[in-house]
Amino acid sequence: MRDHDLPAPERRTRGKRRFDDDEPQFLKRGPAQPALADPDDEPDPDTGERWSSWDDAVHGPEPHPDWLVTELAAKDTELGVLKTGKEADVHLVRRAVPGTDRSCLLAVKRYRDAQHRLFHRDAGYLEGRRVRRSRENRAMAGRTAFGREMIAGQWAAAEFAALARLWEIGSRYGTITVPYPVQVRGTELMLEFLGDAEEGTAAPRLAQLRPGPDEVRDLWQQLVDALVVLSRAGYAHGDLSPYNLLVHAGRLVLIDLPQVVDLVANPQGPEFLARDVRVVATWFAGRGLPASVADPTALTELLLREAGIR
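Throughout, residues of each chain are indexed from 1 in the direction in which the sequence is written. Only residues with pLDDT of 70 or above have their local features reported here, since the model is predicted, and side-chain atom pairs are shown and tallied only from 80 upward, although totals for entire chains, interfaces and linings are computed over all residues. As a rule here, side-chain values come from all non-hydrogen atoms in the structure, and water together with hydrogens is ignored.

> Teacher, can you tell me more about the side chain of Arg-110 here?
Starting at the N terminus, helices and strands are each numbered in turn, a helix being any DSSP run of H or I of at least four residues and a strand any DSSP run of E of at least two. When you line up the elements, Arg-110 lands in strand β5 (residues 103-111). Whenever a nitrogen or oxygen atom comes within 3.5 Å of another N or O atom, the pair is scored as a polar contact, on the condition that within protein one atom can donate a hydrogen and the other can accept it, and that pairs from neighbouring residues in sequence are kept only if both atoms are in side chains. Here Glu-78 takes part through its side chain, which lies 2.6 Å from a polar atom of the side chain of Arg-110. Separated by 2.8 Å, the side chains of Arg-110 and Glu-188 make a polar contact. Two residues qualify as a contact provided that any one of their heavy atoms is within 4.5 Å of a heavy atom in the partner residue. Among all residues touching Arg-110, those that are not within four sequence positions of it are Arg-50, Glu-78, Glu-87, Ala-88, Asp-89, His-91, Val-93, Thr-187 and Glu-188.

> What's the story with unusual backbone geometry in this structure? I'm lost.
Backbone geometry follows two general trends: most residues other than glycine have a negative phi, and most peptide bonds adopt the trans configuration. With omega at 0°, the peptide bond leading from Glu-62 into Pro-63 counts as cis. Among the secondary structure elements, Pro-63 is positioned in the loop between β2 (58-59) and β3 (75-84). The backbone of Ala-249 shows a phi angle near 55°, a positive value even though the residue is not glycine. When you line up the elements, Ala-249 lands in the loop between β11 (245-248) and β12 (251-254). To sort residues, take the accessible area from a 1.4 Å probe on protein chains only and compare it with the maximum for the residue type: under 20% means buried, over 50% means exposed, and anything in between is partly exposed. Residue Ala-249 is classed as exposed on the basis of its relative accessible area, which comes to 75%. Residue Asp-256 is not a glycine yet carries a positive backbone phi of 55°.

> Is there a simple way to think about the side chain of His-237 in this case?
Along the chain, the position of His-237 falls in the loop between β10 (235-236) and β11. What His-237 contacts, discounting residues up to four positions off in sequence, is Leu-230, Asn-244, Leu-254, Ile-255, Asp-256, Leu-257, Gln-259, Val-260, Val-261 and Asp-276.

> Even after reading the chapter, I still don't get helix α4 (residues 213-232), so can you show me in this structure?
An α-helix turns once per 3.6 residues; consequently, residues spaced three or four apart project the same way. With 20 residues, α4 ought to run about 28 Å at 1.5 Å a step, and its terminal C-alpha atoms sit 29 Å apart, in line with that. Where burial is concerned, most of α4 is hidden: 14 out of the 20 residues are buried. Immediately beyond the C-terminal end of α4, within one or two residues, lies Gly-234, with a positive phi of roughly 95°. One less than the number of residues in a helix, times 1.5 Å, gives the span that helix is expected to have.

> Would you explain the nonpolar core in this entry?
Soluble, globular proteins show a tendency: their nonpolar side chains are buried together. We call a set of buried Ala, Val, Leu, Ile, Met, Phe, Trp, Tyr and Cys residues a nonpolar core when their side-chain atoms join them within 4.5 Å. Core analysis: the biggest nonpolar cluster contains 53 residues, and Leu-206, Trp-220, Leu-223, Leu-245 and Phe-284 have the highest contact counts within it. Of all the secondary structure elements, the ones that give two or more residues to this core are α3 (145-173), β7 (188-192), α4, β10, β11, β12, α5 (269-286) and α6 (296-306). In terms of residue count, the dominant contributor to this core is α4 (10 residues). In this view, Phe-284 contacts Leu-206, Val-216, Leu-219, Trp-220, Leu-223 and Leu-289; residues no more than four positions away in its chain are not counted.

> Teacher, can you tell me more about the pairing of strand β4 (residues 88-96) here?
Each regular strand displays side chains that alternate between the two surfaces of the sheet. Buried residues dominate β4, accounting for seven of its nine residues. Pairing between strands is defined by DSSP: at least two bridges between them are needed. By the bridge criterion, eight bridges tie β3 to β4 in an arrangement that is antiparallel. Residue Lys-75 lies in a different strand from β4, and its bridge partner there is Ala-96. Here β3 folds back onto β4 in antiparallel fashion, the turn holding three residues. Strand direction decides the pairing type here: β4 and β5, joined by nine bridges, are antiparallel. Bridged to Asp-89 within β5 is Arg-110.

> Hey, could you run me through the pattern of salt bridges in this one?
The term salt bridge refers to a side-chain nitrogen of Lys or Arg lying within 4 Å of a carboxyl oxygen of Asp or Glu. Here the structure, examined in full by the defined rule, presents 11 salt bridges. Taking the shortest distance from any N to any O, the salt bridge between Lys-83 and Asp-256 comes out at 3.0 Å. You can see Lys-83 sitting in strand β3 and its partner Asp-256 sitting in the loop between β12 and β13 (261-262), a full 173 residues away along the chain. Residue class for Lys-83 comes out partly exposed when judged on its relative accessible area of 28%. When its relative accessible area of 13% is taken as the criterion, Asp-256 is described as buried. In this structure, Glu-159 and Lys-109 form a salt bridge, with 3.2 Å as the shortest nitrogen-oxygen distance.

> Whenever I open this one, the confidence of the model for the protein confuses me. Can you help?
Keep in mind that low pLDDT regions are not for reading the predicted coordinates in detail. Looking at the protein as a whole, its pLDDT mean stands at 81, while 73% of the residues score no less than 70. Confidence over residues 13-37 falls short of pLDDT 50; this stretch has 68 contacts with residues more than four positions distant or in other chains. Each residue gets a pLDDT score, which is the predictor's confidence in that residue and runs from 0 to 100. A low-confidence stretch, residues 116-121 (pLDDT under 50), is modelled with 16 contacts involving residues beyond four sequence positions or located in other chains.

> Looking at this structure, how should I read the pairing of β3?
One ladder, built from three bridges, connects strand β1 (residues 49-51) with β3; its direction is antiparallel. Residue Arg-50 lies in a different strand from β3, and its bridge partner there is Asp-76.

> Which parts of the structure should I look at to understand the packing of α5 against α6?
Helix axes use the C-alpha atoms of the stretch in contact, all axes being lines fitted to C-alpha atoms, and the angles between their N-to-C directions lie in the range 0 to 180 degrees. Orientation of α5 relative to α6, taken along the N-to-C sense of each, is 140°, at an axis distance of 9 Å. The angle between the axes of α5 and α6 places the two elements in the oblique class. In this structure, the crossing between α5 and α6 has a hand that is right-handed. Between α5 and α6, the residues in contact are Pro-270, Leu-273, Ala-274, Val-277, Arg-278 and Ala-281 and Pro-296, Leu-299, Thr-300, Leu-303 and Leu-304, respectively. Of the residues assigned to the contact of α5 with α6, the class counts are nine nonpolar, one polar and one charged. Under this scheme an angle from 65 to 115 degrees is roughly perpendicular, one under 35 degrees roughly parallel, and one over 145 degrees roughly antiparallel; angles in between are oblique. Each crossing gets its hand from how the near helix is turned against the far one by less than a right angle, where anticlockwise is left-handed and clockwise is right-handed. For this scheme, ten residues count as nonpolar: Ala, Val, Leu, Ile, Met, Phe, Trp, Tyr, Cys and Pro. Four count as charged, namely Asp, Glu, Lys and Arg, and the remainder, Gly too, count as polar.

See the structure below:
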């Protein structure tokens, strides 16, 4: 990372678990596993509206951004689907206060229910993310219906906690960009919408771009800076690819972090990190970045040292 270093409090220490469900360090309103959304809160089939769920959700870092609508009189209107995936769908929602000009767009990530989710590789990712109650641990290990629902809640909670921490780091140092995590409620995660607000189109993914030589180098340096921050915080993305990176207003934005890996607690952490680096380095090399710059081995070693593992 250029020009500065993260202070000691931002570094992870061995033996400290970040994903226990009773550790609300980065959450402002208690544990990261609130109750599942009430079925009665489903949108009105005629208008697509429902009352804002802000009041009974876990909120993102304070101070909340000025653009964010937090009034309890607000209503959320479904505008369509931004993305479908194996584990979750992302919807576009407008939160607005009726009769005023107060409104904002949100990207709403809804994890699939226990019968339809396809977290086929969750065992490796979940190492180091143990809840303390033995009943829940047994249910998750046995993949019962209740256990699968618990796992879905852990994915949402883990992504929210990681985004909250990275947002706070990014707001201070500017070397990593993630969407602002608005709130989490059960298996529904609300995020800042990044894209064209008037058109309702999301910012492009890195994989969609054909950057020139100068832009390739700039995006690569942004990525390296972001990965250094991620490693110093004790994380590997776990599924990093050009499809999990947005480019918005010239900034590279990390998204899709439900499988974020704890480099300290997860014994497979270095392997996930090495795979992340290999995938993105291959993409940049294919866009003309010299192999001496996009060297996955050298970058992986650097990141492991930054994480205190080497």
